[in-house]
Amino acid sequence: VPLRRVVVGERREVRSVRWEVVWPQRVIHGEGSDPNNASIVLVVDTGGVRLLLTGDIEAAAQAALLPLVQGLAPPVDVLKVPHHGSADFSGALFQAVSPVVSVVSSGDENARKEYIHPRATLMGALGKWSRVPEPLIFVTELVAFFNVEGYSKLANPKTPKQKARRGRLGWS
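Residues numbered from 1 in each chain as written. Predicted model: local features only at pLDDT ≥ 70, side-chain atom pairs only at ≥ 80, totals over all residues. Heavy atoms only, no water.

## Overview of the overall build of the chain
From N to C terminus, the chain includes five helices and nine strands. Reading the chain from its N end, one meets helices and strands in the order β-β-α-β-β-α-β-α-β-α-β-β-α-β. The buried share among the 172 residues of the chain stands at 31%. Of the contacts formed within the chain by residues at least 6 apart in sequence, a portion of 55% connects residues at least 24 apart. In the form shown here, the chain has an accessible surface area of approximately 10900 Å², with 56% of it arising from carbon and sulfur atoms. (Helix = DSSP H or I, 4+ residues; strand = E, 2+ residues; numbered from the N terminus. Buried < 20%, exposed > 50% of the residue type's maximum accessible area, 1.4 Å probe, protein only. Contact = heavy atoms within 4.5 Å. Areas by Shrake-Rupley, 256 points an atom, 1.4 Å probe, with all protein chains shown as cover.)

## Quick notes on helix α4 (residues 120–129)
Looking only at α4, the buried set comprises Leu-122, Ala-125 and Leu-126. Around the axis of α4, the buried residues are gathered within 100 degrees of arc, so they sit on the same side. Every exposed residue of α4 that faces more than 90 degrees away from the buried side is listed here: Ala-120, Thr-121 and Lys-128. Taken together, the buried residues of α4 touch β5 (78–80), α3 (91–97), β6 (101–104) and β7 (136–139). (Arc of directions from axis to C-beta.)

## Considering the nonpolar core
Counting residues in hydrophobic clusters, the biggest one holds 22 residues, and the most contacted among them are Trp-23, Val-41, Leu-52, Leu-65, Val-81, Phe-94 and Leu-126. Elements that contribute at least two residues to this core include exactly β2 (17–23), β3 (41–46), α2 (59–69), α3 and α4. Here this core takes five residues from α2, the largest share from any one element. Non-local contacts of Trp-23, meaning those with residues more than four positions away in its chain, are made with Val-8, Ile-28, Asn-37, Ser-39, Ile-40, Val-41, Ile-57, Ala-61, Ala-64, Leu-65 and Leu-68. (Core = buried A, V, L, I, M, F, W, Y, C linked by side-chain atoms within 4.5 Å.)

## Observations concerning α2
Where α2 is concerned, the buried positions are Ala-60, Ala-61, Gln-62, Leu-65, Leu-66 and Val-69. Buried-residue contacts for α2 involve β2, α1 (34–37), β3, β4 (49–53) and α3. Remark: Gly-71 follows α2 within two positions and exhibits a positive phi of approximately 75 degrees.

## Quick look at the pairing of β2
When strand β1 (residues 11–14) meets β2, the two strands line up antiparallel, connected through four bridges. Residue pairing across strands places Glu-13 opposite Arg-18, the latter belonging to β2. Counting the residues that bridge the hairpin from β1 to β2 gives two residues, and of these Arg-15 lies at a positive phi of roughly 55 degrees. The pairing of β2 with β3 spans six bridges and is classified as antiparallel. Within the sheet, the bridge partner assigned to Val-17 lies in β3 and is Thr-46. (Pairing = 2+ DSSP bridges.)

## Some details on unusual backbone geometry
Put simply, Trp-23 and Pro-24 share a cis peptide bond, and its omega is 15 degrees. Relative to the helices and strands, Pro-24 resides in the loop between β2 and α1. Even without a glycine there, the phi angle at Arg-15 is positive, about 55 degrees. Within the element layout of this structure, Arg-15 appears in the loop between β1 and β2. On the basis of relative accessibility, which here comes to 80%, the residue Arg-15 falls in the exposed class. Of note, the phi angle at Ser-98 is positive, near 45 degrees, even though the residue is not glycine. By the secondary structure assignment, Ser-98 is in the loop between α3 and β6.

## Focus on the pattern of salt bridges
Applying the stated criterion to the full structure yields five salt bridges. For Arg-4, the salt bridge goes to Glu-10, with nearest N and O atoms at 2.9 Å. For Arg-12, the salt bridge goes to Glu-10, with nearest N and O atoms at 3.8 Å. You can call Glu-10 buried: its relative accessible area is 13%. If you follow the salt bridges from partner to partner, you end up with Arg-4, Glu-10 and Arg-12 in one network. (Salt bridge = Lys/Arg side-chain N within 4 Å of Asp/Glu carboxyl O.)

What follows is the structure in structure tokens.
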């Protein structure tokens with residue numbers, strides 16, 4: 001698949017999926033992570049559903065994005081929550097977007113450091129600022145690292161794959 005640079009304002013369509021690049025409008029230096037705040041943000045329309053995909057933007061970029069998403073018509077239905085649900089968020093952005101569904105993509109990728117994503121304050125803000133009384137909030141919190149703790153052995157391996165492993169199971 002060829003890679004190409006996208007620019008703000010670019011609109012594309014593939015089959016029934018349309019999207020527009022709305023961020024980064026400008027470079028934000030020294031307020032959080034420069035690379036995070038330079039994440040690509042898309043407004044996507046498909047099948048009568050509007051999504052706002054916010055990448056890894058932090059509070060400074062969220063605040064700068066706010067005027068661009070206020071009053072979107074049609075409104076955003078699904079919000080991919082910025083920056084893994086960290087404490088560095090803009091409640092004003094959530095209020096402006098007022099999603100029905102929010103998706104928090106998080107998971108600790110390092111066994112030595114716990115990021116505690118998503119933050120409880122962020123989850124509360126998502127619930128408070130949804131435009132429906134009972135919003136759906138999905139969290140992908142999965143631990144992305146495993147250690148071998150030992151092996152289990154099946155009493156009666158039945159499939160060829162199980163027999164090839166001599167009934168042992170395990171992962172790392």
